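The lines below spell out each chain.
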Amino acid sequence: MKSKIGFLIALTVILSSIVYFYSRSKSATLPDPILINFEKQKVASFSDFWSIYDKDGSEVSFKKFKKKVLFICYVSTKSEESLKQLESLKKVYDDYKTKMDFLLLSNDNQTKMIHYLDDNEYYFPLYFYLSEPPKEFEVKKLPQSYLISKKGRILVDINEAVNWDSKEFRKVLDGLISSPK
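As a starting point, this report considers the structure included with it. (Residues numbered from 1 in each chain as written. Predicted model: local features only at pLDDT ≥ 70, side-chain atom pairs only at ≥ 80, totals over all residues. Heavy atoms only, no water.)

## Focus: the packing of aromatic side chains
Given two aromatic rings, one states the distance between the centres and the angle between the planes to describe the pair. In the structure shown here, the tally under the stated rule is 15 aromatic pairs. Between Lys99 and the ring centre of Tyr96, over which it is positioned, the NZ or CZ distance is 5.2 Å. (Phe/Tyr/Trp six-rings, centres within 6.5 Å; stacked < 30°, edge-to-face > 60°. Lys NZ or Arg CZ within 6 Å of the ring centre and 35° of its normal.)

What follows is the structure, encoded as structure tokens:
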């Protein structure tokens, strides 16, 4: 009996290690996000005219996120490219979810998107949009992501899968969070 329990524990440790290193290697193969040079950064407008909806169907004004560090990531179950960066984003979200705002945005089938996130244990704040986003936050192609400072400066505007869990990106987040409004 003890040998069976020992075997099961060893097997669990080995499988957990394989899963951990596999998920790390998927993120590690993605490039790091690149910041926009200061001179080229745009300032976002937080329009009252764009409403988003949480997964329960409640309307949320986009203006609510003004003067906060904000990460926006558009995602769709139809875009494998947009889904493959979620593992690295999960790690960042877990560490920064109480320090800044995250918006995972989709105009996908709500049930399908919610099930995908739940099945993969991604617990991001998920929002849906029905109308076109403000020009500064348009979807050029999926994946599309933005990082906005408290002052509304768009620091990252990228439409490719990247490794959000890089040391350099975390340094940027730390600096944004600690900066005064």
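Next comes the rest of the description.
## Some remarks on the packing of helix α3 (residues 86-96) against helix α5 (residues 167-178)
Their axes nearest at 12 Å, the elements α3 and α5 cross at an angle of 30 degrees. In this view, α3 runs roughly parallel relative to α5, as classed from their interaxial angle. Remark: the crossing between α3 and α5 carries right-handed chirality. Across the interface between the two elements, Lys91, Val92, Asp95 and Tyr96 from α3 touch Arg170, Leu173, Asp174 and Ile177 from α5. (Axes fitted to C-alpha atoms, helices over the stretch in contact; angles between N-to-C directions. Helix = DSSP H or I, 4+ residues; strand = E, 2+ residues; numbered from the N terminus. Parallel < 35°, antiparallel > 145°, perpendicular 65-115°, else oblique. Left-handed = near helix turned anticlockwise from the far one by under 90°. Contact = heavy atoms within 4.5 Å.)

## Section: the sheet that holds strand β7 (residues 154-158)
Reading across the sheet, the seven strands line up as β2-β1-β5-β4-β3-β6-β7 and stay open at both edges, with mixed pairing between neighbours. Only two strands of the sheet have a single neighbouring strand rather than two, namely β2 (59-61) and β7. Across the sheet, the mean angle separating the axes of adjacent strands is 30 degrees when strand polarity is ignored. α5 rests against β3 (70-74), β6 (144-148) and β7 of the sheet, and its axis sits at about 40 degrees to β6. (Pairing = 2+ DSSP bridges.)

## Quick word on α5
Helix length check: α5, at 12 residues, gives a terminal C-alpha distance of 17 Å against a target of 16 Å (1.5 Å per residue), a fit within 8%. Residues Phe169, Arg170, Leu173 and Leu176 constitute the buried set of α5. One side of α5 holds all its buried residues, which, seen down the axis, span an arc of 120 degrees. Exposed residues lying more than 90 degrees from the buried face of α5 are Lys167, Lys171 and Ser178. Where α5 is buried, its residues contact β3, α3, β6 and β7. (Expected span 1.5 Å × (residues − 1). Buried < 20%, exposed > 50% of the residue type's maximum accessible area, 1.4 Å probe, protein only. Arc of directions from axis to C-beta.)

## A closer look at the environment of Glu121
You can see Glu121 is positioned in the loop between α4 (110-119) and β5 (126-129). Glu121 sits in the partly exposed class, given a relative accessible area of 46%. Separated by 31 residues in sequence, Glu121 and Lys90 have C-alpha atoms that sit 9.1 Å apart.

## Some details on unusual backbone geometry
Geometrically, the link from Leu142 to Pro143 is a cis peptide bond, its omega value of -5 degrees lying close to zero. Relative to the assigned elements, Pro143 resides in the loop between β5 and β6. With phi around 65 degrees, Lys67 is a residue other than glycine that occupies positive phi space. Of note, Lys67 is situated in the loop between β2 and β3. At Glu121, a residue that is not glycine, the phi angle is positive and equals roughly 55 degrees.

## What to know about α4
Since one α-helical turn is 3.6 residues long, residues separated by three or four positions face the same way. For α4, the full list of buried residues reads Met113, Ile114 and Leu117. Around the axis of α4, the buried residues are gathered within 95 degrees of arc, so they sit on the same side. Those residues of α4 that are buried are in contact with α2 (80-83), α3, β4 (101-106) and β5.

## Some points on the pattern of salt bridges
For the structure shown, the criterion picks out eight salt bridges. Note that Arg170 is salt-bridged to Asp95, the shortest N-O span being 2.8 Å. Pair noted here: Arg170 is in helix α5 and Asp95 is in helix α3, with a separation of 75 residues, a long-range link. Among the ionic pairs, Lys135 bridges to Glu138, the shortest N-O distance being 3.9 Å. Looking at Lys135, the relative accessible area reads 64%, which means it is exposed. With relative accessibility at 32%, the residue Glu138 sits in the partly exposed group. Sharing partners across several salt bridges, the network here consists of Asp95, Asp165 and Arg170. (Salt bridge = Lys/Arg side-chain N within 4 Å of Asp/Glu carboxyl O.)

Worth remembering: the numbers are spatial, not functional.
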